[in-house]
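# A look at the structure
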Amino acid sequence: MKIAFISDIHGNAVALEAVLEDLKKKNIEKICILGDICYRGPEPKRSLELIQSLQAEVIKGNADEWVVRGVRQGEVPDGALEMMNKEREWIISNLESTDIGYLSQLPTELHLNEHGIEIFAFHATPTSLFEVIPQNAEDCLLHEKVLSKKDATIYLYAHIHKPYIRYINGRVIMNIGSVGLPFDGVTKASYGIITIDESGFSTSIERVGYDIEKVMKQYREAGYPNADMMIQVLKNGRI
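Note that this is a predicted model, so its numbers are computed, not measured.

This part covers the side chain of N12. Here N12 lies in the loop between β1 (2–6) and α1 (13–25). Non-local contacts of N12, meaning those with residues more than four positions away in its chain, are made with S47, G180, Y210, V215 and L234.

According to UniProt, the feature "domain: Calcineurin-like phosphoesterase" (unreviewed entry) maps to residues 1–198 in the numbering used here. Between the first and last C-alpha atoms of residues 1–198 the distance is 10 Å; the span itself is 32% helix and 23% strand.

Turning to the layout of surface pockets, a few remarks are in order. Gaps between atoms show up when a probe of the same size as a water molecule is rolled over them. A volume near 550 Å³ is recorded for the largest pocket. Of all the elements in the fold, those that place two or more residues in the lining of the largest pocket are α3 (62–69), α4 (78–93) and α8 (227–236). The greatest single-element share of the lining of the largest pocket, amounting to three residues, is contributed by α3. A class-by-class count of the residues in the lining of the largest pocket yields 16 nonpolar, five polar and six charged.

Turning next to the pattern of salt bridges. The final tally for this structure, using the stated rule, is 17 salt bridges. When the shortest N-O distance is used, the salt bridge between K86 and E82 registers 3.9 Å. Of the two residues, K86 and E82 are both situated in helix α4; the distance of four residues between them amounts to about one turn of the helix. Taking relative accessible area as the criterion, K86 reaches 41% and is therefore assigned partly exposed. For D151, the salt bridge goes to R171, with nearest N and O atoms at 3.9 Å. On the criterion of sequence distance, the pair formed by D151 in the loop between α6 (139–147) and β6 (154–157) and R171 in strand β8 (residues 171–175) is long-range, its members being 20 residues apart.

Procedures and definitions
Residues numbered from 1 in each chain as written. Predicted model: local features only at pLDDT ≥ 70, side-chain atom pairs only at ≥ 80, totals over all residues. Heavy atoms only, no water. Helix = DSSP H or I, 4+ residues; strand = E, 2+ residues; numbered from the N terminus. Contact = heavy atoms within 4.5 Å. UniProt positions renumbered as here; feature names shortened; annotations may be inferred. 1 Å grid on protein atoms, 1.4 Å probe; cavity = no way out; pocket = protein on both sides within 12 Å on 5 of 7 lines; lining within 4 Å. Points joined across faces, edges and corners; volume = space filled by probe spheres on them. Nonpolar A, V, L, I, M, F, W, Y, C, P; charged D, E, K, R; others polar. Salt bridge = Lys/Arg side-chain N within 4 Å of Asp/Glu carboxyl O. Buried < 20%, exposed > 50% of the residue type's maximum accessible area, 1.4 Å probe, protein only.

Shown next, in the form of structure tokens:
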């Protein structure tokens, strides 16, 4: 069984299409989406439609929650709050009420069992859509925030846009990075694959190139409220 985990598309449908083409080449049998589908990209509606066209399991991310109810004080730096809500207003103006309803009802965690391998997936932490666990977090923090919440073999999350794989006391913690807005300096979409068979399992981070210039042009032509900043993030792979 080959399972792909993708997340943090952020309205970048061009990058999402490139990843979906890559999944076909790799004969992926199951797809799971760990949230942040629409917000902060030039094609929110098309990104959501592409996700909905898949027979995939989908959970909610913090940006999906923001689309539903807005960005609140304390969730982002005070200086960014007004602009991020302007971006949210632009996003919802490009969606239907049924789209908002779809995002609002998404679950917040995912549990899979394949050949006895327990997989526990969530967006940020098992108890929060917003909390940040960095890639260099100490083992004790990962144990407190993640491993202690549920017994599993593999734990997957997204949110930080910086992919990694770590091993702690015989268990795997994997961040799958971001399809639409990588923050690790690599300007390629990121996602994860878990391959499981009767003899065991393997994990990998995949990177996929896409037409970044096209997406930068989309930000400008769409009149996106924070286009200049988002274009720089795309260009540099960093925020």
